[in-house]
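# Structural overview
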Amino acid sequence: MALIVWTGAALASDLPAPEGPVLLHVTGEISVTNQDGAAAFDLDLLRGIGAQTIETTTIWTDGVQTFEGVPLHDLTKALGITGSALRATAVNDYAVDIPLADAVPGGAFLAFARNGRPMSVRDKGPLWVIYPYDSAPRYQAEIYYARSIWQLDRIEVLP
């Protein structure tokens, strides 16, 4: 597997095409694409945005978990997102709207691994939107739990 380094500070033509299985399609109000008005990401392209880790508990798991992924803020910057909300949709077509205001440093996080392992569909993968629930009491509220969509595979940026 080749490691693709992509800093996200690019023009529309600079997002490389995915070489591995596509985990995420982003459509809508974006300025950086690699497929007919969309951005398709495999794991290497997601990592290339700037993978980070966070530790937090969740209401769905036991104990502190370590998540590896991409801050939603970094994804929105990398794609030049200017919309008002992100319609996040799972493999089973379940969808939630995440306000773009949640895509702030230290906010929503797009996880692709938990405790050092990629997440299968059975284990809330391939992608799971999580929040740093332990970092601030405001994240320990039903509104953020409801936005914590798992089995995520596509995002539509709403105007």
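None of these values were measured; they are calculated from a predicted model.

## Looking at the overall build of the chain
Summing up its helical and strand segments, the chain has three helices and 10 strands in all. From first element to last, N terminus to C terminus, the chain shows the α and β order β-β-α-β-β-α-β-β-β-β-β-α-β. The C-alpha radius of gyration computed for the chain amounts to 15 Å, which stays within 12% of the reference 15 Å derived for 159 residues, consistent with globular compactness. Considered along the principal axes of its C-alpha atoms, the chain spans approximately 40 × 35 × 30 Å. Looking at the chain residue by residue over its 159 residues, the buried ones come to 50%. Look at the contacts in the chain between residues 6 or more apart in sequence, and 58% of them connect residues 24 or more apart. Summed over all atoms, the accessible surface of the chain reaches about 7,700 Å², with 52% contributed by carbon and sulfur. In the chain, which carries 10 positive and 18 negative side-chain charges, the distance between the mean positions of the two groups comes to 6 Å.

## Topic: the packing of aromatic side chains
Here the structure, examined in full by the defined rule, presents 11 aromatic pairs. Aromatic pair Phe67 and Trp128: ring centres 5.4 Å apart, planes at 85°, arrangement edge-to-face. Of this pair, Phe67 sits in strand β4 (residues 65–71) while Trp128 is found in strand β9 (residues 127–130), placing the two residues 61 residues apart along the sequence. For Phe67, a relative accessible area of 0% puts it in the buried group. Relative to Tyr133, the ring of Tyr131 has its centre 6.4 Å away and its plane inclined at 55°; by these criteria the two rings are tilted. A relative accessible area of 0% places Tyr131 in the buried class. Taken together, Trp60, Phe67, Trp128, Tyr131, Tyr133, Tyr139, Tyr144, Tyr145 and Trp150 form an aromatic cluster joined through their ring pairs. In this arrangement the basic side chain of Lys124 is found over the ring face of Trp128, its NZ or CZ atom lying 5.8 Å from the centre.

## Topic: the pattern of salt bridges
Pairs can form between side chains of opposite charge once their charged atoms are near each other. All chains considered together, the criterion is met by six salt bridges. The residue Arg154 makes a salt bridge to Asp93 at a minimum N-O spacing of 2.3 Å. Of this pair, Arg154 sits in strand β10 (residues 150–158) while Asp93 is found in the loop between β5 (85–90) and β6 (95–99), placing the two residues 61 residues apart along the sequence. With a closest N to O distance of 2.7 Å, Asp102 and Arg147 form a salt bridge. Taken together, the residues span a long stretch of sequence, with Asp102 in the loop between β6 and β7 (109–114) and Arg147 in helix α3 (residues 142–147) at a distance of 45 residues. For Arg147, a relative accessible area of 14% translates into the label buried. Among the ionic contacts, a cluster of salt bridges with common partners joins Asp93, Asp153 and Arg154.

## Overview of the environment of Ala39
For Ala39, the location among the structural elements is in strand β2 (residues 39–41). Residue classification places Ala39 among the buried residues on the basis of a relative accessible area of 0%. Between the C-alpha atom of Ala39 and that of Thr27, which follows or precedes it by 12 residues, the distance is 6.6 Å. Aside from chain neighbours lying at most four places away, what touches Ala39 is Leu15, Leu24, His25, Val26, Ile30, Val32, Thr33, Asn34 and Leu79.

## Let's talk about the nonpolar core
In terms of nonpolar packing, the biggest core is built from 46 residues, with Leu24, Val26, Phe41, Leu46, Leu75, Leu79 and Leu152 touching the most fellow members. With five residues, β7 is the single largest residue contributor to this core. Other than its neighbours up to four places away in sequence, Leu24 contacts Ala39, Ala40, Phe41, Leu46, Leu75, Leu110, Leu127, Leu152, Asp153, Arg154 and Ile155.

## Points about unusual backbone geometry
Backbone torsion omega between Gly125 and Pro126 reads 10°, so that peptide bond is classified as cis. Note that Pro126 resides in the loop between β8 (117–118) and β9. Positive phi, close to 75°, is recorded for Lys124, a residue that is not glycine. With respect to the helices, strands and loops of the structure, Lys124 is situated in the loop between β8 and β9.

## Concerning the confidence of the model for the chain
In this model, the chain carries an average pLDDT of 92, and 92% of its residues clear a pLDDT of 70 or more. For the stretch residues 1–13, pLDDT sits under 50, and the model shows 26 contacts to residues farther than four places along the chain or on other chains.

The rules behind these values
Residues numbered from 1 in each chain as written. Predicted model: local features only at pLDDT ≥ 70, side-chain atom pairs only at ≥ 80, totals over all residues. Heavy atoms only, no water. Helix = DSSP H or I, 4+ residues; strand = E, 2+ residues; numbered from the N terminus. Rg over C-alpha atoms; globule rule 2.2 N^0.38 Å. Buried < 20%, exposed > 50% of the residue type's maximum accessible area, 1.4 Å probe, protein only. Contact = heavy atoms within 4.5 Å. Areas by Shrake-Rupley, 256 points an atom, 1.4 Å probe, with all protein chains shown as cover. Lys, Arg positive; Asp, Glu negative; His and termini not counted. Charge placed at Lys NZ, Arg CZ, Asp CG, Glu CD. Phe/Tyr/Trp six-rings, centres within 6.5 Å; stacked < 30°, edge-to-face > 60°. Lys NZ or Arg CZ within 6 Å of the ring centre and 35° of its normal. Salt bridge = Lys/Arg side-chain N within 4 Å of Asp/Glu carboxyl O. Core = buried A, V, L, I, M, F, W, Y, C linked by side-chain atoms within 4.5 Å. pLDDT = per-residue confidence, 0-100.

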